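Per-entry structural report
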Amino acid sequence: VTGSARDMALEPHLELLFKRGLAESARSTNAWVITGGTDSGVMALAGAAIAENSSARGELTPCIGIAPFRCVTGKDKLHGPGAGERTVSYRKVRANSTVSAALDPHHTHFLLVDNDKTPGFGGEIRFRTQLEERLSNDMRIPKVLLVLSGGKGTVEMVAESVKRCTPVVLVKESG
C-alpha cells in the first residue's frame, strides 16, 4: 500500500470502503500488508484498517512498515546493544514533519533501512520494491500495489513497481 504521507481528509464513504476492502482482502488471502510504516496518511489508515479487523476477528494480519531509519522520530530509542529481534517501548514524542515521522502503532513489524544516496523519505523505495519482488518470487505468491492519493514519493513507488511488472491499483477520487 502506498500513497499520501500527509494526513488525509477522504470522504467518509471512501475511507470506510478502503479500510473494509483492504482488511477483508488481506484477511481472505492471508496477505501481508506492506506500507511506509509511519503514523500519517495512507500508512496510518492501512495500519488502523488491519488492526481494527484483526482485533475484531481475533486473527493477526501482518502489517509491515518499511521506513527510512534516519527519518524515524525517536530513533535513538531503537539503537542499542545486540542484534536481532527485541522489544522496544516506543511512543510518538513530537509532531510529524517533512524530515521525520513517528512509527505507526498499528503495524506488527518494521524494517528500518538507510540509503546513503537518498537519506530522507524515499530512500527506502528501492529496497522495498526489491524485497516485495523477492518475497513474491521465493514464496510464489502474487503481489499488487494499492495506491491511495500521493505525491512525488508515490510516483517513484509506482514507477519502481511497474518496472518490476507489479500490478498497480489506483483508487479513484482519492486525490
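For the structure, see preceding data.
Residues numbered from 1 in each chain as written. Predicted model: local features only at pLDDT ≥ 70, side-chain atom pairs only at ≥ 80, totals over all residues. Heavy atoms only, no water.

**Regarding the state of the cysteines**
What counts, and what does not: Criterion for a disulfide: a pair of cysteine sulfur atoms at a distance within 2.5 Å. Note on classification: 1.4 Å probe, protein chains only; a residue is buried when its accessible area is under 20% of the maximum for its type, exposed when over 50%, partly exposed between these limits.
A complete count under the given rule lists 0 disulfides for this structure. With no disulfide of its own, C71 lies 19 Å from the sulfur of C63, the closest cysteine sulfur. By relative accessible area, which is 4% here, C71 ends up buried.

**So, the packing of helix α3 (residues 125-139) against helix α4 (residues 152-163)**
For the record, the criterion: Inter-axis angles, ranging from 0 to 180 degrees, are taken between N-to-C directions of lines fitted to C-alpha atoms, where helices are fitted over the stretch in contact. Here a strand is any run of E in DSSP of at least two residues, a helix any run of H or I of at least four, and the numbering for each starts at the N terminus. Helix crossings fall into two classes, left-handed where the near helix is turned counterclockwise from the far one by less than a right angle and right-handed where it is turned clockwise. Contacts are residue-level and defined by heavy atoms, with any inter-residue pair within 4.5 Å sufficient. Note on residue classes: Ala, Val, Leu, Ile, Met, Phe, Trp, Tyr, Cys and Pro are nonpolar, Asp, Glu, Lys and Arg are charged, and everything else, Gly too, is polar.
Packing of α3 against α4 brings their axes to within 10 Å, and their N-to-C directions diverge by 35°. Here the hand of the crossing between α3 and α4 comes out right-handed. Contacts between α3 and α4 involve I125, R126, R128, T129 and E132 from the former and G153, E156, M157, E160 and S161 from the latter. Along the lines of polarity and charge, the residues of the contact of α3 with α4 split into 2 nonpolar, 3 polar and 5 charged.

**Remarks on unusual backbone geometry**
We note that R140 has phi near 55°; this positive angle belongs to a residue other than glycine. Mapped onto the secondary structure, R140 falls in the loop between α3 and β5 (145-148). Even without glycine at this site, C165 takes up a positive phi of about 60°. Locating C165 in the fold gives a position in the loop between α4 and β6 (168-170). Since its relative accessible area comes to 69%, C165 is described here as exposed.

**Here we look at helix α1 (residues 12-29)**
To keep things clear, this is the line we draw: By this rule, a helix spans an expected 1.5 Å times one less than how many residues it contains. Directions from the helix axis toward the C-beta atoms define the arc.
The end-to-end C-alpha distance of α1, which contains 18 residues, comes to 26 Å, matching closely the 26 Å that a straight helix rising 1.5 Å per residue would cover. Of all the positions in α1, only L14, F18, K19, L22, A23 and A26 are classed as buried. Projected down its long axis, α1 carries its buried residues within an arc of 150°, all on one side. Residues of α1 that are exposed and point more than 90 degrees away from the buried face comprise P12, L17 and R20.

**Side note on the environment of H109**
Counted only if it meets this: Here a polar contact is recorded for every N or O atom pair within 3.5 Å, except that within protein the pair must consist of a potential hydrogen donor and a potential acceptor, and residues adjacent in sequence are included only if both atoms are side-chain atoms.
Mapped onto the elements of the fold, H109 is located in strand β4 (residues 109-113). C-alpha of H109 to C-alpha of G65: the two residues are 44 residues apart in sequence and 6.3 Å apart in space. With residues up to four places along the chain from it excluded, the contact list for H109 reads C63, I64 and G65. Of note is the side chain of H109, whose polar atom sits 2.8 Å from the side chain of T108.

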